[in-house]
Structure formats: C-alpha cells, structure tokens
Amino acid sequence: MQRLPRRALLIGGLGLGAGALSACSNRDPVTAGPSTIGPVASATPSSGQTVLEKTLSAQRTTIDLGGPKVATWAYGDTVPGPLIRANAGDFLRISVNNQLTAPTSIHWHGIRLRNAADGVPGMTQDPIQAGGNFTYEFTAPDPGTYFFHPHVGVQLDRGLYAPLIIDDPGEPGGYDTEWIVVLDDWVDGTGRTPDEVLAKLIEAGGSAPAASMGGMDHGSARGAQPWGDAGDVTYPYFVLNGKVPATPETFKAKVGQRVRLRIINAASDTIFTVALGGHRMTITHTDGHPVVPHEAAAFYIGMGERYDAVVTLRDGVFPLVAKPFGKTSGGQALGLIRTGAGTAPGADVSPVELRGEVLRASQLQPAESAKLPSKSPDTVEALSLEGSMQPYRWGINGAVFGKNDPLTVRAGQRMRINVVNMTMMTHPLHLHGHTFALPSGLRKDTVLLAPMEQLPIDLDADNAGDWAVHCHNIYHAEAGMMIALKYVS
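Residues numbered from 1 in each chain as written. Predicted model: local features only at pLDDT ≥ 70, side-chain atom pairs only at ≥ 80, totals over all residues. Heavy atoms only, no water.

## Section: the packing of aromatic side chains
A complete count under the given rule lists 12 aromatic pairs for this structure. A ring pair is formed by Trp108 and Phe138, whose centres lie 5.3 Å apart and whose planes are at 45 degrees; its orientation type is tilted. With Trp108 in strand S6 (residues 107–109) and Phe138 in strand S7 (residues 133–139), this pair connects stretches of sequence that are 30 residues apart. A single burial state applies to Trp108 and to Phe138, both of which are buried. Centroid distance Trp227 to Tyr300: 5.5 Å. Interplanar angle 85 degrees. Geometry classified as edge-to-face. Here Trp227, found in the loop between helix H1 (194–203) and strand S11 (237–240), pairs with Tyr300, found in strand S17 (residues 298–301); they are 73 residues apart in sequence, far enough to count as distant. The class of Trp227 is buried, set by a relative accessible area of 3%. The structure contains a cluster of three or more aromatic residues connected by ring pairs, namely Tyr75, Trp108, Phe134, Tyr136, Phe138 and Phe148. The ring of Trp73 is capped by Arg158, whose NZ or CZ atom sits 3.9 Å from the centre of that ring. (Phe/Tyr/Trp six-rings, centres within 6.5 Å; stacked < 30°, edge-to-face > 60°. Helix = DSSP H or I, 4+ residues; strand = E, 2+ residues; numbered from the N terminus. Buried < 20%, exposed > 50% of the residue type's maximum accessible area, 1.4 Å probe, protein only. Lys NZ or Arg CZ within 6 Å of the ring centre and 35° of its normal.)

## Let's talk about the confidence of the model for the protein
Residues of the protein with pLDDT of at least 70 account for 87%, and the chain-wide mean is 89. Low pLDDT, under 50, characterises residues 1–29; the stretch is placed with 144 contacts to residues that sit more than four places away or in other chains. This stretch, residues 31–37, has a pLDDT under 50; its non-local contacts, to residues over four places away or in other chains, come to 18 contacts. (pLDDT = per-residue confidence, 0-100. Contact = heavy atoms within 4.5 Å.)

## Describing unusual backbone geometry
Backbone torsion omega between Val79 and Pro80 reads -5 degrees, so that peptide bond is classified as cis. Topologically, Pro80 is positioned in the loop between strand S3 (69–75) and strand S4 (84–87). In this structure, Pro391 follows Gln390 across a cis peptide bond, with omega equal to -5 degrees. If you trace the backbone, Pro391 turns up in the loop between strand S21 (379–388) and strand S22 (393–396). With a phi close to 50 degrees, Asn241 is a non-glycine residue in the positive phi region. Structurally, Asn241 can be placed in the loop between S11 and strand S12 (249–252).

## Observations regarding the pattern of salt bridges
All chains considered together, the criterion is met by 24 salt bridges. Among the ionic pairs, Arg158 bridges to Asp195, the shortest N-O distance being 2.9 Å. Here Arg158 is found in the loop between strand S8 (144–149) and strand S9 (162–167), whereas its partner Asp195 is found in helix H1, with 37 residues between them in sequence. Judged by its relative accessible area of 36%, Asp195 falls in the partly exposed class. Notably, a salt bridge pairs Asp287 with Lys444, separated by 3.2 Å at the nearest N-O pair. Residue Asp287 is found in the loop between strand S15 (281–286) and strand S16 (289–296), and its partner Lys444 is found in strand S27 (residues 443–444); the two are separated by 157 residues along the sequence. Each of Arg85, Asp167, Glu178, Arg260, Arg262 and Asp308 takes part in one network of salt bridges that share partners. (Salt bridge = Lys/Arg side-chain N within 4 Å of Asp/Glu carboxyl O.)

Below you can see the structure in the form of structure tokens.
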C-alpha cells in the first residue's frame, strides 16, 4: 500500500435537534408495514406530490452543553440542529445559507436520493462557498430514521448535524410517545478544533491524543471484543441531545407508556454501547429498515448507524446510558427517563444492563418487507480497508481516495462487494445513494467491520451516478479511507 498523504476529503456530521427532541405521535410505525423498496423518484415533484420547504443556516455560534459553553458551527443556534420531518414520497426542497467562513455542503445520510442532491463536493456538486446559497431538491422514498450533516473536511466533528425523520402514515403506531436521541463525541471549542486534532494525529503519526490507542495494544482499557481498537481521539465530553451528563436531558412519561426511541450516532470517532437502566428494549429498525423485533438489554451503535427501539416504562427515574467503547476518559453520554418520584443517578452511573450480552447488528433478522429479493450477483468487486495509526494513514484498495480505482457497476445489476478490514481498528463503512444487504438479508447503509473481519454486501444498482463509499470515522475518511462507486455503460 502506498503512503497515504493528508487530503482535504469529503465527509460530514450526523445528528439531532437541541433540547428535548421528543414528539407525541401515533402515526409513525413500530411494526413492519408494506415498505417495498422501489426506484428513486425524479428530480421534480409530480402532480399532487407534497412539497416540504425548509431553510437552513450554517453559522458560527456559541452552544451551552449544559454547563460547558463552546464556540462551534451549527445549523442555527442549536445542537443538534432543527428536526426535518416528512412523509415517505414527499418532495423536499431545502435551501442552505452558508454563513461560515469556509465552504460546506449537506449530505442526507441514508436517503436513497437522486445523485445531484447527495452533497459530496467534487463528486455530486461544487461546495457551497462562504456567503453562498444552495438548494437541495429530492424525493425521500423510504420511511425511517435518518440525519443530515456536512460532507467537507472534518466538519462532522463540529455541531453541524440534525435529524431527518421520514414517516410512513400507512403503518400502525403501537406506541404512546416518541423520543429522538442523538449521541455525539465533543471536542470543538474546548481548546482544540477538529482540524487541529487531525493535524496533530498526522504530525505525531497517530501517537497524539488517541484514546487508549497509543501503541495499538489490546489491553483491558479497550474492553472485550468484538471491536478491538475503536477510536483515535480523546474527547473531553460525550453528549446526548447536546447535553453533558452533569446536566442531562430528562424525558418525562407515565408509568406503563410504550415509547419509541429513535437513536442516532452522530459521533465522529466513537462507538457507543446503549442501555436503559431497569429495562430491556425491543429493536424494531436499523438504518431506517424494519427488522424482526429483537429484545436486548444493550446494543452497539457505530458512527452513522441508527436504531429504533420500543420500551414499556416502569415507575421511577432511569438512566439512558451511551458508554463509549474502548475509551477511558471523557465519561459517557447520559439522558434520564422519569415516570415518577426518585433520585436521579449520578453522571457516572453504570446500569447492570451494560454488563451482560450486547446486541450486534449481525444478530438481527430483516422483516419480510425489507429483504433484498434473492438473486445471484451479476458483478463482484473487492473492497479492502487498509491503514495504520503510525504513520497516520488510511485508504481503500491500496491508495487514498482520488488515487484508488473506482468500483464500477452497470445499471440494473445485482452487485456484490466483498469487504475485508485489513486493519486492527473497527471501521463503520457507509454507502451513499443505496442500501445494501448483509448475508442475513439485513438492510443497512452503514455497518461496523471489526478488525480483520470479512463481509460480503449485496446491492441493486438502481440509482445511477457517482457515489461515495467510505469509513464514517471522520478522521479516517479525511486521511483517505474513501472510494467512488461509478455507474458505467
């Protein structure tokens, strides 16, 4: 593998709206409905199609994380940013006003949208220059939990992220209330910026602030498998809906209510283990797609992944904990769920649910409505994740993005990508413009690959264009771990 130099790559953040992003709504599905995955819609709204119009301002601001006040970049004055919500099949027209001093863009993470609206500068659009405006227009075809974020440099690790929820009004509700939960690792405005973190990683060859990563050992600080080394950066804070554990967001409900949780990992460098003290959760969706309901005490969620779960609430005050995997500083992310009287647990609470079996995505089975129809692949490509901490270099198929050969496919083909992680770190692999199926048939757009893991993923080439495939660890992507998927004739 050739040396992987620093490049100004194209990636972004994830996220949710600030404060209590909760909603009381019975129109959203928990159980799987007739969610047949069809072709991507055209660039203009059809007659009678609902059009949703929004304006977003990317700007510098100061955010209160529940005590710490940080200078950062955000959509408006909140972190996470404003929720965008629509129905499946709606046409979205989102105008972006860039009030930053740097170019930016927006990627609509997980949405199978037309190529021109995907938000990847140098591939699908020119970046939105400082002081400039850009309007994204696309149909959101599939219901699910999504989010949006920039796709320029390490802007992912600032406050530029927000949730995007696509409802299917034809599916049953089956719950009393809904809470959107966005997890993040936070460094911006704490004496370091993400750009400075990246520069230090490159300058020190990976030995600079790297949480439990230093010599690539696999001691107890990393925790048990499956993920081995799972992050590069030491963060001072981990936040849930933009709040640190000392002053957590509190969600209020009544005893016995059934709650839908939409959980988004907006972090740049952190895998979380999520648990709700005193409860077991039933996983109903991953990356927007329904699964056979699966009960779990805790589950892993990688950068860019989303999980929906339902839970029936007991009486008391309970911690919703997101524990960073393999990191020993910065604490954890925390929210509180209150249904009655009781003393709130401390910021370092460790519910017993974290100590047992933790669910992995590979244990889930797809709902019938989300299965990719059985078919032998028409074309097979190899994708090898490669790199190291010392020197700090990451790439795909032997080179950094821009120097590696694109993966190619023809429209209408069933494509299999044989992915192999040749590193001693875990990587969340994200595919733009499509969903893919794991060997179990589980539909996803982002999947965690453990050290040395091999995984075939299948997709239908039904959305022509040039698309990004990359690690959703922002620092790895910025160092070169990205490749293009190109449609050819």
